[in-house]
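Given next are the chains, with one letter for each unit.
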Amino acid sequence: MRKFYLLYLAEKTGKLISIDAAEKLTTIQWLFFQASAVGPMFGAFGHFHTYGRKNCDHPYPEERFARETQKLLDIMEQRLSRQTYIVHNDYSIADIATFPWVIWLDMFYKAAEQLELAKYKHINRWVQQCRNRPLTIKGLDRYGFNDITQ
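Residues numbered from 1 in each chain as written. Predicted model: local features only at pLDDT ≥ 70, side-chain atom pairs only at ≥ 80, totals over all residues. Heavy atoms only, no water.

Undergrad: Is there a simple way to think about the side chain of Thr 27 in this case?
TA: Residue placement: Thr 27 occurs in helix H2 (residues 21-51). Filtering out sequence-adjacent residues up to four positions away, Thr 27 remains in contact with Ile 17, Val 87, Ser 92, Ile 93 and Ala 94. (Helix = DSSP H or I, 4+ residues; strand = E, 2+ residues; numbered from the N terminus. Contact = heavy atoms within 4.5 Å.)

This is the structure we're talking about:
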């Protein structure tokens with residue numbers, strides 16, 4: 001549901017989404033990619049990696065969602081190899097919706113090594129660019145996250 005709020009606010013303010021029809025549709029596509037794939041798969045991986053071990057001693061769920069997470073990271077890596085942000089070279093609501101899920105993989109789930117996050121050079125560049133935005137810094141500081149994400 002939050003994705004719809006992002007879309008509503010972007011359209012209402014005229015910020016973080018292009019007025020160009022093709023770019024706008026691309027932004028919406030990537031916003032829904034986050035909502036339908038990144039959020040559910042990264043969340044399922046995080047659950048089985050961090051909490052599920054207590055209730056399930058079989059490695060299958062964690063391994064499955066780790067593979068799915070890496071597939072999605074591969075898609076994002078390919079996309080970000082051609083441009084600065086997810087939608088062309090402009091920061092958008094697609095970046096806002098996706099960025100937190102990527103940093104949580106290491107920050108909360110502590111899975112950087114398992115997922116081989118260091119190999120995603122374009123994602124890592126993008127994460128750093130998102131993190132360096134003044135309002136992102138302010139938001140992460142507000143909740144004490146900047147100390148853990150350095």
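The rest of the description comes next.
Undergrad: Help me understand the environment of Ile 96 in this model?
TA: Note on placement: Ile 96 falls in helix H4 (residues 93-107). In this structure, the C-alpha to C-alpha distance between Ile 96 and Ser 18, residues 78 residues apart in sequence, is 15 Å. The contact partners of Ile 96, leaving out residues within four places of it in the chain, are Leu 6, Leu 16 and Tyr 91.

Undergrad: Could you clarify how one ought to interpret the environment of Ile 75 in this entry?
TA: Within the element layout of this structure, Ile 75 appears in helix H3 (residues 60-80). Between the alpha carbons of Ile 75 and Leu 31 there is a distance of 14 Å; along the sequence they are 44 residues apart. With residues near it in sequence (within four places) discarded, Ile 75 still touches Trp 30 and Phe 33.

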